[in-house]
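Residue strings, one per chain:
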Protein chains: 2
Amino acid sequence: MSVFALDGGLRAADCDADAGLLAGGAAGPAALRPLLETVVAALERGAVERGGPLPRGGPEAVAGRVRAVAGPVLPEVGAGAAAALDALVGVVAQGAADPADPLCAAHLHCPPLAVAAAADVAASALNPSLDSWDQAPAASEVEALVCRSLARLVFGAGRASDADALVTTGGTEANQLALLLARERFRERFSGRGGAGGVRGVRVVCGANAHHSVHRAAWLLGLEPPLVVPAPRGVLEPAALEVALRGVAGAPALVVATAGTTDAGAIDPLPGIGAVARRYGALLHVDAAYGGPLVFSERLRGRLAGLECADSVTFDLHKLGWQPVAAGFLAVPDAGVLRPLGHCADYLNADDDTEAGLPDLLWRSLRTTRRPDVLKVAVTLRALGRSGMARLVERTCAAAGELAELVRGEGRFVLYGEPEISTVVFRPAVGDDALVAGVRRRLLERGQAVLGRASLAGRLWWKVTLLNPLVRPSDLAAVVKLVEEAMEEGTGA
Amino acid sequence: MSVFALDGGLRAADCDADAGLLAGGAAGPAALRPLLETVVAALERGAVERGGPLPRGGPEAVAGRVRAVAGPVLPEVGAGAAAALDALVGVVAQGAADPADPLCAAHLHCPPLAVAAAADVAASALNPSLDSWDQAPAASEVEALVCRSLARLVFGAGRASDADALVTTGGTEANQLALLLARERFRERFSGRGGAGGVRGVRVVCGANAHHSVHRAAWLLGLEPPLVVPAPRGVLEPAALEVALRGVAGAPALVVATAGTTDAGAIDPLPGIGAVARRYGALLHVDAAYGGPLVFSERLRGRLAGLECADSVTFDLHKLGWQPVAAGFLAVPDAGVLRPLGHCADYLNADDDTEAGLPDLLWRSLRTTRRPDVLKVAVTLRALGRSGMARLVERTCAAAGELAELVRGEGRFVLYGEPEISTVVFRPAVGDDALVAGVRRRLLERGQAVLGRASLAGRLWWKVTLLNPLVRPSDLAAVVKLVEEAMEEGTGA
């Protein structure tokens, strides 16, 4: 008898008593219904109790309320599903910085579409895992279809027949994969060297405006720190890039450009950068985590001209694509470059299984177990279509243009520049960095608005990242008014 | 006027027309309700249409059905939310390998609890991102509480006052972080060397039974491939480890042990391994992605004796914890060892914000944008309590014991060994590896059962990974009968 045996053995009666435990199977939907209603009701109550874009009182007050409701985290005896959902979902909703509130506009932190959030439930309930076909027969095909479709959209008709994409946890992982692929591509090319020299031989070259994840990825991968090209105007200039590449001549290089910087939403001049990279034999990765979805819009996709020449592109639909996190992608013009990610684990992709027709999926990620984040994306694209996505992108970008006009119209502010996507950056005409930082924190502390901060051109600025497609003119006016009022307190004016 | 301006400008009327678009805010719950019902109904229909643990017909048939329903992936004009949800959730449910079916038992792929799947909706709807406080005021505190609580559970009362854990996408990322922390710890210790030597100096030593992700992580991080210690009995033996460590004497080493192998659910003898590692000044990481949740059970946690001496532990609740993916953790006995993950990005954790009391969260992951996967874990722990989790763990392990007895009772099978967790490994008494592989594929192709495969002791075996706490004695008998029938066809018996 097993040491694990239960007194009296495994009993069917215990299973009957626990009917309703699981989300899947034939009985799962009936079990889910009342629990989903408990969640929806708790979300509704939390939003009312919060009554604004974020909770009042700052970190200590919020943490105190959470501790009062959430503890003990692991009681000896459970509270039951309904009570636990009601308490914890309620306190997290009450204490959320809700991007669906137009005054929550600090970060690349979008309000998710209801259709996408609903689709995500199916991923949670069915729990397919994309590391082998026999854990995700249909979901793995949906992923393949969506990835190829998005890659074709990114690279355009001319270059897209073998284009593909990998699903990532976000732009950070996509950038990491791009650096890894470059490392391995150069390792192959210079395979005579091997060992440590081969790994560290690739040099990443990026602008000072590039995302911090590029630096973190180089560190993770054991590469030299990126060579940073000064970007005083907030973009990577081809002439400055050329100077840098000349300086590392001979070394295999990966140029990282940005289409939509985190600080200002600026788009690097991709055609010029591409030309320089080609001239020096460097690979080009474009981090279009933010700006990429402009490709949905016929009117706006011209802003990304040159993107189609990249060797890899970070593309993200949990920013300007209104997906719940995570919905990142790394797109490549030719699926063959993904070969270095190939990996064998006998229990998942044994040769004889692959030869017998079971698809090998393990090369599609560095993760093993992997949730089908692509399902909500597939549902969203089907629900809205290209034109529906374009309409939301255009409306969001237009809102930024209108906010910029409002700010420019006020004599008390300096606008950093015309928004290129949906980020508006400004600061007081009179006042130092401490005033900017203080106003932002005051608005947070009071639960009035979530504004961002950006360090640009040697100064600190307020950053309003508009990602809410339902923002109204009155909301834009409210942002300006809140900043003005908090600024007056700060200066004693 | 902005180049992005819409004809006629931003109009409040357009927002009114799109009410119901977003999942968040005060209006979100009302928008979600009917869409969630559409999803639940599609899940219900899909389960009925499937009528078993997985769809019939194998990869090509399933892919064909998906393509017929899912294409075109990106239509010019959208189909609307309800139609898109109904079609895509329906086809993914119909084509799922559903772990809630007791005959789906190949992988460490668990059937999620209804309460956890329901809680996950709140994460999707509110979309908190855990890279800064102002994107996740309450969710970040929930994460901190759960992580400390689980780390205390892993390391026990004696060693746990500073214990903490990081949330990961799964065991693979947790193992990756463990190797990274070891790399950086030794880099600090041998900082005089710096550069490439410092990075590659750490040597990973693991058993032949360790998870493939250990090898992939070493490659990712630019480390030498792990030194593999033979494990003919399926576990890492202290004596063999000692031989290996003696062979790399002088090099900084990280020993990786496993508490719950993927192939057989075997638990390495941790006390002996810990003693050897200490003697040789090596760090010890234990990959307890599978076996870790035995700590919930007073009866079974003794199986993990020695775990509390590890320098880091991979712990995962999307295996023996019934969470939807992802619910991984890396636990450490002292939060101070996580310091190398510290990272500054001015827009997320500027010094003046941190000094003013806004929590710095960026060190808690290598990801930037990050979903609160911890919310469903918090709700589950509260709902079931320690005793409820223990009951499910014990029942699942007991089922494996009963299946092993059934198999042993049949003269036609050889049992690999007594299950140590919930994996039962067996093969035909007469028959080669091709028969084992063929039977498994035949059951998959027909949609009858999802069984796994394991290469152990030079042979191929069937692997039944029991993770369904509602499995009944009759289900166990059905597994054996299906294998027998398919085997008879395979041998023509």
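Residues numbered from 1 in each chain as written. Chains lettered and ligands numbered in written order. Predicted model: local features only at pLDDT ≥ 70, side-chain atom pairs only at ≥ 80, totals over all residues. Heavy atoms only, no water.

Chain A carries the name Aminotransferase class V-fold PLP-dependent enzyme in an unreviewed UniProt entry, which gives Streptomyces albus as its organism. Note on chain A: under the UniProt heading Sequence similarities (unreviewed entry), the record states "Belongs to the group II decarboxylase family." Quoted verbatim from the Cofactor (unreviewed entry) field of the UniProt record, the comment on chain A reads "pyridoxal 5'-phosphate". (UniProt positions renumbered as here; feature names shortened; annotations may be inferred.)

Turning next to the overall build of chain A. Looking only at helices and strands, one finds 16 helices and 12 strands in chain A. Computed over the C-alpha atoms, the radius of gyration of chain A is 25 Å, within 12% of the 23 Å expected from 2.2 N^0.38 for a compact globule of 493 residues. In terms of overall dimensions, chain A has a C-alpha envelope of 75 × 65 × 40 Å along the principal axes. Here chain A, with 493 residues, has 67% of them falling under the buried criterion. Across chain A, contacts joining residues at least 24 apart in sequence account for 71% of those joining residues at least 6 apart. Carbon and sulfur atoms make up 54% of the accessible area of chain A, which amounts to about 14900 Å² in all. In chain A, the 48 positive side-chain charges and the 54 negative ones have mean positions that sit 7 Å from each other. (Helix = DSSP H or I, 4+ residues; strand = E, 2+ residues; numbered from the N terminus. Rg over C-alpha atoms; globule rule 2.2 N^0.38 Å. Buried < 20%, exposed > 50% of the residue type's maximum accessible area, 1.4 Å probe, protein only. Contact = heavy atoms within 4.5 Å. Areas by Shrake-Rupley, 256 points an atom, 1.4 Å probe, with all protein chains shown as cover. Lys, Arg positive; Asp, Glu negative; His and termini not counted. Charge placed at Lys NZ, Arg CZ, Asp CG, Glu CD.)

Turning our attention to the environment of His 109 of chain A. Of note, His 109 of chain A is situated in the loop between strand S1 (104-105) and helix H5 (114-126). For His 109 of chain A and Arg 65 of chain A, which are 44 residues apart along the polypeptide, the C-alpha to C-alpha distance reads 24 Å. Residues in contact with His 109 of chain A, not counting those within four places in the same chain, are Ala 97, Pro 99 and Leu 467 of chain A together with Asn 127, Pro 128, Ser 129 and Gln 135 of chain B. There is a polar contact of 2.8 Å between the side chain of His 109 of chain A and the backbone oxygen of Asn 127 of chain B. (Polar contact = N/O pair within 3.5 Å; in protein donor to acceptor, adjacent residues only side chain to side chain.)

As a further point, take the sheet that holds strand S11 (residues 450-456) of chain B. All names here are of chain B. Strand order in this open sheet of 5 strands is S1-S11-S12-S10-S9, and the pairing throughout is mixed. Two strands close off the open sheet at either side, each with one partner strand: strand S1 (104-105) and strand S9 (413-415). As judged from the 5 bridges shared by S11 and strand S12 (residues 459-465), these two strands associate in the antiparallel manner. Opposite Ser 455, over in S12, you have Leu 460 as the bridge partner. On top of the sheet, helix H15 (residues 433-445) reaches strand S10 (423-428), S11 and S12; it is set at about 35° to S12, its chief contact. Along the sheet, helix H16 (residues 473-491) contacts S9, S10, S11 and S12; its crossing angle with S9, the most-contacted strand, is approximately 130°. (Pairing = 2+ DSSP bridges. Axes fitted to C-alpha atoms, helices over the stretch in contact; angles between N-to-C directions.)

In the superposition of chain A on chain B (RMSD 0.0 Å, axial shift 0.0 Å), the rotation amounts to 180°. Between the two chains, the operation in question is that of a two-fold axis. Of the C-alpha atoms belonging to chain A, the one lying closest to the rotation axis is found on Leu 221 of chain A, 2.4 Å away. When the interface residues of chain A are mapped onto chain B, 100% of them again fall at the interface, so both copies present the same face. (Least-squares fit on C-alpha atoms with pLDDT ≥ 70 in both.)

The next point concerns the environment of Ala 41 of chain A. All names here are of chain A. Of note, Ala 41 is situated in helix H2 (residues 28-50). The exposure class assigned to Ala 41 is partly exposed, which follows from its relative accessible area of 32%. Remark: the alpha-carbon pair of Ala 41 and Asp 86, spanning 45 residues in sequence, is separated by 8.0 Å.

All names here are of chain B. Counting buried residues along strand S2 (residues 164-168), 5 of its 5 residues qualify, which places the element largely inside the surrounding structure. The alternating pattern of S2 places Asp 164, Leu 166 and Thr 168 on one face and Ala 165 and Val 167 on the opposite face, and all of these are buried. Looking at chain direction, S2 and strand S8 (residues 328-332) are connected through 5 bridges and run antiparallel. Across the sheet, Val 167 pairs through a bridge with Phe 329, a residue of S8.

This part takes up the packing of aromatic side chains. The geometry of an aromatic ring pair is captured by the separation of the ring centres together with the interplanar angle, meaning the angle of the planes. Going through the model one piece at a time under the given rule, you end up with 12 aromatic pairs over all chains. Measuring from ring centre to ring centre gives 5.1 Å for Phe 413 of chain B and Phe 426 of chain B, while their planes differ by 80°; the resulting arrangement is edge-to-face. Taken together, the positions of Phe 413 of chain B in strand S9 and Phe 426 of chain B in strand S10 put the pair 13 residues apart, joining distant regions of the chain. Take Phe 426 of chain B: its relative accessible area is 0%, and that puts it in the buried class. Within the aromatic cluster, the residues linked to one another by ring pairs are Phe 296, Phe 315 and Phe 329 of chain A. Sitting over the face of the ring of Trp 219 of chain B, Arg 183 of chain A holds its NZ or CZ atom 5.7 Å from the ring centroid. (Phe/Tyr/Trp six-rings, centres within 6.5 Å; stacked < 30°, edge-to-face > 60°. Lys NZ or Arg CZ within 6 Å of the ring centre and 35° of its normal.)

Moving on, we get to the interface of chain A and chain B. It is common to give the size of an interface as the accessible area lost on bringing the parts into contact. Across the boundary between the two partners, chain A contributes 196 residues, which contact 196 residues of chain B. Of the roughly 16400 Å² buried where chain A meets chain B, counting both sides, 65% is carbon and sulfur surface. Of the charged contacts, one joins Glu 76 of chain A and Arg 386 of chain B as a salt bridge, the two residues approaching to 2.6 Å between their closest N and O atoms. Where chain A meets chain B, there are 86 residue pairs in polar contact (both at pLDDT 80 or more). For the side of chain A that touches chain B, the element with the highest residue contribution is helix H14 (residues 374-409) of chain A, accounting for 20 residues. Each residue belonging to the side of chain A that touches chain B can be placed in one class, and the counts come to 118 nonpolar, 37 polar and 41 charged. (Buried area = accessible area lost by both parts, 1.4 Å probe. Salt bridge = Lys/Arg side-chain N within 4 Å of Asp/Glu carboxyl O. Nonpolar A, V, L, I, M, F, W, Y, C, P; charged D, E, K, R; others polar.)

Once that is clear, we can look at the sheet that holds strand S9 (residues 413-415) of chain A. All names here are of chain A. Pairing is mixed across the open sheet formed by 5 strands, whose spatial order is S1-S11-S12-S10-S9. Because the sheet does not close on itself, it has two edges, and the strands there are S1 and S9. In the sheet, S1 pairs with strand S11 (residues 450-456) via 2 bridges, with the strands oriented parallel. Looking at the pairing, Cys 104 lines up with Val 450 of S11.

Looking now at the pattern of salt bridges. If you walk through the whole model with that rule in mind, you get 83 salt bridges over all chains. Look at the salt bridges and you will find they share partners, linking Asp 120, Arg 371, Asp 373 and Lys 376 of chain A together with Asp 120, Arg 371, Asp 373 and Lys 376 of chain B into a network.

Glancing now at the confidence of the model for chain A. All names here are of chain A. Of all residues in chain A, 96% have pLDDT values of 70 or greater, and the mean over the chain is 94. A low-confidence stretch, residues 192-199 (pLDDT under 50), is modelled with 11 contacts involving residues beyond four sequence positions or located in other chains. In the predicted complex, the global pTM is 0.97; the interface-specific ipTM is 0.97. (pLDDT = per-residue confidence, 0-100.)

What follows deals with the environment of Cys 15 of chain A. Within the element layout of this structure, Cys 15 of chain A appears in helix H1 (residues 12-17). Between the C-alpha atom of Cys 15 of chain A and that of Val 450 of chain A, which follows or precedes it by 435 residues, the distance is 48 Å. If near-sequence neighbours (up to four positions away) are discounted, Cys 15 of chain A is found in contact with Arg 395, Leu 470, Val 471 and Arg 472 of chain B.

What follows covers the domain arrangement of chain A. Residue and element names in this part refer to chain A. According to the domain assignment, chain A consists of domain 1 (23-93), domain 2 (128-382) and domain 3 (383-491). In this complex, domain 2 contributes 29 residues to the contact, which on the side of domain 3 involves 25 residues. Of the roughly 2200 Å² buried where domain 2 meets domain 3, counting both sides, 60% is carbon and sulfur surface. Among the residues domain 2 hides against domain 3, the three largest losses belong to Asp 263, Phe 296 and Trp 322. Together they make up 29% of the total. Taken together, the connections running from domain 2 to domain 3 amount to 2 salt bridges. For the salt bridge of Arg 303 with Glu 420, the shortest nitrogen-to-oxygen distance reads 2.3 Å. For the interface between domain 2 and domain 3, the tally reads 13 residue pairs in polar contact (both at pLDDT 80 or more). Looking at the side of domain 2 that touches domain 3, its residues break down into 14 nonpolar, 8 polar and 7 charged. (Domains from an automatic or database assignment.)

Residues and elements named next belong to chain B. In terms of residue burial, strand S7 (residues 312-316) counts as a mostly covered element, since 5 of its 5 residues are buried. Neither face of S7 is open: one carries Ser 312, Thr 314 and Asp 316, the other Val 313 and Phe 315, and all of them are buried. Judged from the 4 bridges that link them, S7 and S8 form a sheet pairing that is antiparallel. For Val 313, the partnering residue across the bridge sits in S8 and is Ala 331.

Before going further, it helps to examine the packing of helix H6 (residues 137-155) of chain A against H14 of chain A. All names here are of chain A. Put simply, H6 and H14 touch, their axes get as near as 9 Å, and they point 60° apart. Here H6 lies oblique to H14, going by the angle between them. Our pair here, H6 against H14, has a crossing hand that is left-handed. Side by side, H6 and H14 meet where Val 142, Glu 143, Val 146 and Leu 150 of the first sit next to Val 374, Val 377, Ala 378 and Leu 381 of the second. Split by residue class, the contact of H6 with H14 holds 7 nonpolar, no polar and 1 charged. (Parallel < 35°, antiparallel > 145°, perpendicular 65-115°, else oblique. Left-handed = near helix turned anticlockwise from the far one by under 90°.)

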